[in-house]
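# Architecture and fold: a report
Each chain is listed here by its residues.
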Amino acid sequence: MKHGFLLVLLLTALCNASSETEKALDLTYEKAISMALGKNFQIQVQQFNPKIARAAQMTASGQFDPLVSMSYTYSQSQAVQVATVGGGSDVFLNQTGGLVNSSVTGLTPWGLTYNFNASSTQAGNNQSTADLYTTFGGLNITQPLLRGFGTDVNLAQIRIARADYSISEWQLRQQVIDVVTQTIVVYNDLHFAMGNLDVERRSKALAEQLYKDNQQRRDIGVMADLDVLQAKSDVANREERVLVAERLVDDNQNFLKQLVTDEISNFLFTTVHIAPPPLMPPNYQIDEKRDLAAALELRPDFRQALLDLQKRQINVVFRRNAALPQLDLLASFGLNGIDTNLVNSVTNLQHGNNYAWTAGGSFSFPIPNRVARGQLDQAKLESARALIDLKRLEQQIIVNVDNAAGQVHTTRKRIDATLAARELAEETLEAAQKRLDDGKSTTFEVLQFQRDLATAQIAEIQAMTDYNKSLAQYARETGTTLEKAGITVQPVNKNFTKDEHKKPDRNANVTQ
């Protein structure tokens, strides 16, 4: 019984393995990119950063939110006056009271702080016949004249938070560009690996056919054993090259599956079928001058460096203001209303007879003010460093764009050169084969020409692969990857869109 159960489990496992091996993942260029965008973990993590930066921007803006507060206090006290030496009864005093207080405090972008306060106090005791109500309404303001004055200072944190939000958007864009570029490179590498495997198999088939032909020639006595051994040895060598080529295909399939899915374990036994990647027409030209200008507008690293410099400059302004003396203008004005009736005490405020006001100023300055001066010097140096780093990055972009353009031109020429070399190799092998059939050539020469043909065929496939990869790298260097792929990054609304012929993925909005 136990052995029967194990047999059932084994058959089930074999059936599952068989069903797994039957799975296939059919991909096109566009579908692979779309799946990579929807499944990439790094993009999913990066998506949170703009939202976090947006929340930080809201936090920075909250410093101008007015604070409303209200309170109520009830109090009671009693006292007994002891009788004097001359006689008389003890005096008992019982006092009660209630205080209602409300206020609104806040800060304005110019640095002015305000406090509007309104209160009403009820006081009574057992010695009087009526309670006394005192109502107050007043405003206190403090306006900095030096340190803390102006929008450049008080809006600094909001502007820095806004720059951080823009930086997070460019970081997300950079991540998407990297994923798209990586997908294009891996897709083309897989296409090359498949083409390379096909060439190696055909090369092996040629060697096997030559080996069979040589055996027949030896059997009829027109060829020596050495020629048969040479052909047989070459078959073995080409079998080894086929095995290496098959391993290269499997590796690149796994690399691509890792990019396009977040459930790699379900695809371990899946065969990937890919359509040939598109090849730019022979007359395709790149405009390096135009694309260089685009790079300074679209490259995420350059835009981040600009925003970082902007943050440093904002900090310099803030620290320069913080190094000034503290000189504040102080003012307050209030009205009082007193009556035995609460309503009347409030109404008395309108008459303005009972008022109080103050005006003045305050001054403070630390000597020698080393903290503020040190922070200002540090901010200036950081800003100068960021400016130099921006110039360095700009120079690097110019060099990288020029080098990438050179690679595009070179690989385009390599396609033409390898095409001609492959055609010549085919003609040479055909001629050598005829000479061998006529007894005018040797097996060694034919085998060498077969290897030359395989090398030329692989070089042609490699040139086309390198051309596509150089175009992807050129687009990355110029920051135009997303525009050329038809992708729009939308960080707040789930980050990006992509053109494809299927239902939109759960992590992307797909539009044309």
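About the cut-offs
- Residues numbered from 1 in each chain as written.
- Predicted model: local features only at pLDDT ≥ 70, side-chain atom pairs only at ≥ 80, totals over all residues.
- Heavy atoms only, no water.
- Helix = DSSP H or I, 4+ residues; strand = E, 2+ residues; numbered from the N terminus.
- Buried < 20%, exposed > 50% of the residue type's maximum accessible area, 1.4 Å probe, protein only.
- Contact = heavy atoms within 4.5 Å.
- Areas by Shrake-Rupley, 256 points an atom, 1.4 Å probe, with all protein chains shown as cover.
- Phe/Tyr/Trp six-rings, centres within 6.5 Å; stacked < 30°, edge-to-face > 60°.
- Lys NZ or Arg CZ within 6 Å of the ring centre and 35° of its normal.
- pLDDT = per-residue confidence, 0-100.
- Core = buried A, V, L, I, M, F, W, Y, C linked by side-chain atoms within 4.5 Å.
- Axes fitted to C-alpha atoms, helices over the stretch in contact; angles between N-to-C directions.
- Parallel < 35°, antiparallel > 145°, perpendicular 65-115°, else oblique.
- Left-handed = near helix turned anticlockwise from the far one by under 90°.
- Nonpolar A, V, L, I, M, F, W, Y, C, P; charged D, E, K, R; others polar.
- Patch = residues over 30% accessible without salt bridge, like charges linked within 9 Å, V, L, I, M, F, W, Y side chains within 5 Å.
- Salt bridge = Lys/Arg side-chain N within 4 Å of Asp/Glu carboxyl O.

## A few points about the overall build of the protein
From N to C terminus, the protein includes 13 helices and 10 strands. Across the 512 residues in the protein, those meeting the buried criterion constitute 37%. Of the contacts formed within the protein by residues at least 6 apart in sequence, a portion of 75% connects residues at least 24 apart. As displayed, the protein offers around 29300 Å² of accessible surface, 58% of which is attributable to carbon and sulfur atoms.

## Some thoughts on the packing of aromatic side chains
Overall, the coordinates contain one aromatic pair when judged by the stated rule. Measuring from ring centre to ring centre gives 5.1 Å for Y29 and Y187, while their planes differ by 80°; the resulting arrangement is edge-to-face. Remark: Y187 occurs in helix α6 (residues 156–219) and Y29 occurs in helix α2 (residues 29–39); sequence separation between them is 158 residues. Note on accessibility: Y29 and Y187 belong to one class, buried. Stacked on the ring of Y165, the Lys or Arg R54 has its end atom at 4.0 Å from the ring centre. Note that R412 overlies the ring of Y467, its terminal NZ or CZ placed 5.4 Å from the centroid.

## Regarding the confidence of the model for the protein
Within the protein, residue pLDDT values average 81, and 81% of them lie at 70 or more. Within the protein, the element-level pLDDT minimum falls on helix α1 (residues 2–21), averaging 41, and the maximum on helix α9 (residues 300–322), averaging 94. A low-confidence stretch, residues 1–21 stays under pLDDT 50, and its non-local contacts, those more than four residues away or across chains, total four contacts. Contacts of residues 493–512 to residues separated by more than four positions or lying in other chains number 59 contacts, the stretch itself having pLDDT below 50.

## Looking at the nonpolar core
Residues L27, L37, V176, V180 and L256 are the most contacted members of the largest nonpolar core, which totals 32 residues. Among the secondary structure elements, those contributing two or more residues to this core are β1 (24–27), α2, α6, α7 (225–260) and β6 (271–274). It is α6 that contributes the most residues to this core, 11 residues altogether. Those residues in contact with L27, other than ones at most four positions away along the chain, are A32, M35, Y187, L256, V272, H273, I274 and A275. Within the second largest apolar cluster, 18 residues are counted, among which are I286, A386, A404 and Y474.

## Digging into the packing of helix α8 (residues 288–298) against helix α11 (residues 370–437)
Their axes nearest at 10 Å, the elements α8 and α11 cross at an angle of 140°. It follows from the interaxial angle that α8 and α11 lie oblique. For the element pair α8 and α11, the recorded crossing hand is right-handed. Residues E288, L292, A295 and L296 of α8 form the contact with α11, whose own contacting residues are E394, I397, I398, V401, D402 and A405. A per-class count over the contact of α8 with α11 returns seven nonpolar, no polar and three charged.

## Section: the side chain of R422
Here R422 lies in helix α11. Contact partners of R422, with chain neighbours within four places excluded, come to L453, A456, Q457 and E460.

## A word on a nonpolar patch on the surface
Taken together, L145, L146, L324, L327, L329, F363, F365 and I367 make up a surface patch of nonpolar side chains, about 740 Å² in accessible area. Checked against the element boundaries, F363 lands in strand β8 (residues 355–364).

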